[in-house]
Amino acid sequence: MQDNATEVTAAGIARLAGVGRAAVSNWRRRHPDFPKPVGGTETSPSFALAEVEAWLRAQGKLAEVPLRERVWQQLTGHPEGPAVALVHVGCVLLLVQERPTVWLDIDAGSDERLAARLPGVLDGVIAARFGCEPV
């Protein structure tokens, strides 16, 4: 599932394409169809990851985003930051390991159902594992 809200900087674009940041700067100047910034600052703009990937593919500069880069972009794009994202990932891994049937049950439904049920289920996993209520 691709999160369309995930943003990437010029450095991230360079990592995706396996080039230096100067190449990204050149693409921005030379290609009028290069994605427009969606955030960041004047000196450090950010771009919609989905738009950048589509542009790179159309230009033949990206066959597939490496898994490590995809994970990194998703972590850094989390609304509460990468540390919170890593905590969430760790909690889900505990859930999968310690309560696999619960995971299979909530994962079998729609994304909306998963999003609605997951926080309560994770709270239970944290309480059982660490003997405390989550904050």
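Rules and cut-offs
Residues numbered from 1 in each chain as written. Predicted model: local features only at pLDDT ≥ 70, side-chain atom pairs only at ≥ 80, totals over all residues. Heavy atoms only, no water. Phe/Tyr/Trp six-rings, centres within 6.5 Å; stacked < 30°, edge-to-face > 60°. Helix = DSSP H or I, 4+ residues; strand = E, 2+ residues; numbered from the N terminus. Buried < 20%, exposed > 50% of the residue type's maximum accessible area, 1.4 Å probe, protein only. Contact = heavy atoms within 4.5 Å. Core = buried A, V, L, I, M, F, W, Y, C linked by side-chain atoms within 4.5 Å. Pairing = 2+ DSSP bridges. Axes fitted to C-alpha atoms, helices over the stretch in contact; angles between N-to-C directions. Parallel < 35°, antiparallel > 145°, perpendicular 65-115°, else oblique. Nonpolar A, V, L, I, M, F, W, Y, C, P; charged D, E, K, R; others polar. pLDDT = per-residue confidence, 0-100.

### Regarding the packing of aromatic side chains
Okay, step 1: One pass over the structure, following the stated rule, counts three aromatic pairs.
Okay, step 2: Taken together, a centroid distance of 5.7 Å and an interplanar angle of 50° make the contact between Trp 27 and Trp 55 tilted. Of this pair, Trp 27 sits in helix H2 (residues 21-30) while Trp 55 is found in helix H3 (residues 49-58), placing the two residues 28 residues apart along the sequence. The pair Trp 27 / Trp 55 is uniform in exposure class, with both members buried.
Okay, step 3: Ring centres of Phe 34 and Phe 47 lie 5.6 Å apart, and the angle between their planes is 85°; on these two criteria the pair is classed as edge-to-face. Taken together, the positions of Phe 34 in the loop between H2 and strand S2 (39-40) and Phe 47 in strand S3 (residues 45-48) put the pair 13 residues apart, joining distant regions of the chain.
Okay, step 4: Taking relative accessible area as the criterion, Phe 34 reaches 3% and is therefore assigned buried.

### Concerning the environment of Leu 56
Okay, step 1: For Leu 56, the position within the fold is in helix H3.
Okay, step 2: The exposure class of Leu 56 is buried, given its relative accessible area of 0%.
Okay, step 3: In contact with Leu 56, not counting residues within four places along its chain, are Ile 13, Leu 16, Ala 17, Trp 27, Lys 61 and Leu 62.

### Some words on the nonpolar core
Okay, step 1: By size, the foremost hydrophobic cluster in this structure holds 15 residues, and its most contacted members are Ile 13, Trp 27, Phe 34, Val 52 and Leu 56.
Okay, step 2: Looking at this core, the elements that each hand over two or more residues are helix H1 (10-17), H2 and H3.
Okay, step 3: Formed by eleven residues, the second largest nonpolar core is a distinct cluster that contains Cys 91, Leu 114, Leu 118 and Val 125.

### Re the pairing of S3
Okay, step 1: Bridge count between strand S1 (residues 7-9) and S3: three bridges; the pairing is antiparallel. The residue bridging Glu 7 from the neighbouring strand is Ala 48, located in S3.
Okay, step 2: Connecting the antiparallel pair S2 and S3 is a turn made up of four residues.

### Some thoughts on the sheet that holds S2
Okay, step 1: On the basis of which strands lie adjacent, the open sheet formed by three strands has the order S1-S3-S2 and antiparallel pairing. Sheet topology places S1 and S2 at the edges, where each strand pairs with a single neighbour.
Okay, step 2: Across the face of the sheet, H3 comes into contact with S1 and S3 while running at roughly 75° to S3.

### Brief notes about the packing of helix H6 (residues 100-107) against helix H7 (residues 111-130)
Okay, step 1: Where H6 meets H7, the axes come as close as 9 Å, and the angle between the chain directions of the two elements is 155°. Between H6 and H7, the crossing angle belongs to the class labelled roughly antiparallel. Where H6 approaches H7, its residues Val 102, Trp 103, Asp 105, Ile 106 and Asp 107 are matched on the opposing element by Arg 113, Leu 114, Arg 117, Leu 118 and Val 121.
Okay, step 2: The class makeup of the residues in the contact of H6 with H7 is six nonpolar, no polar and four charged.

### What about the confidence of the model for the chain?
Okay, step 1: Chain-level pLDDT for the chain is 86 on average; 94% of the residues reach the 70-or-more range.
Okay, step 2: Averaged pLDDT values for the elements of the chain fall to 81 in helix H4 (residues 67-76) and rise to 95 in H2.

### Some words on the environment of Val 121
Okay, step 1: As for its placement among the helices and strands, Val 121 is situated in helix H7.
Okay, step 2: Classification of Val 121 by relative accessible area gives buried; the value is 14%.
Okay, step 3: For the pair Val 121 and Cys 91, spaced 30 residues apart in the sequence, the C-alpha separation amounts to 9.7 Å.
Okay, step 4: Apart from residues no more than four positions distant in its own chain, Val 121 is found in contact with Leu 95, Val 102 and Ile 106.

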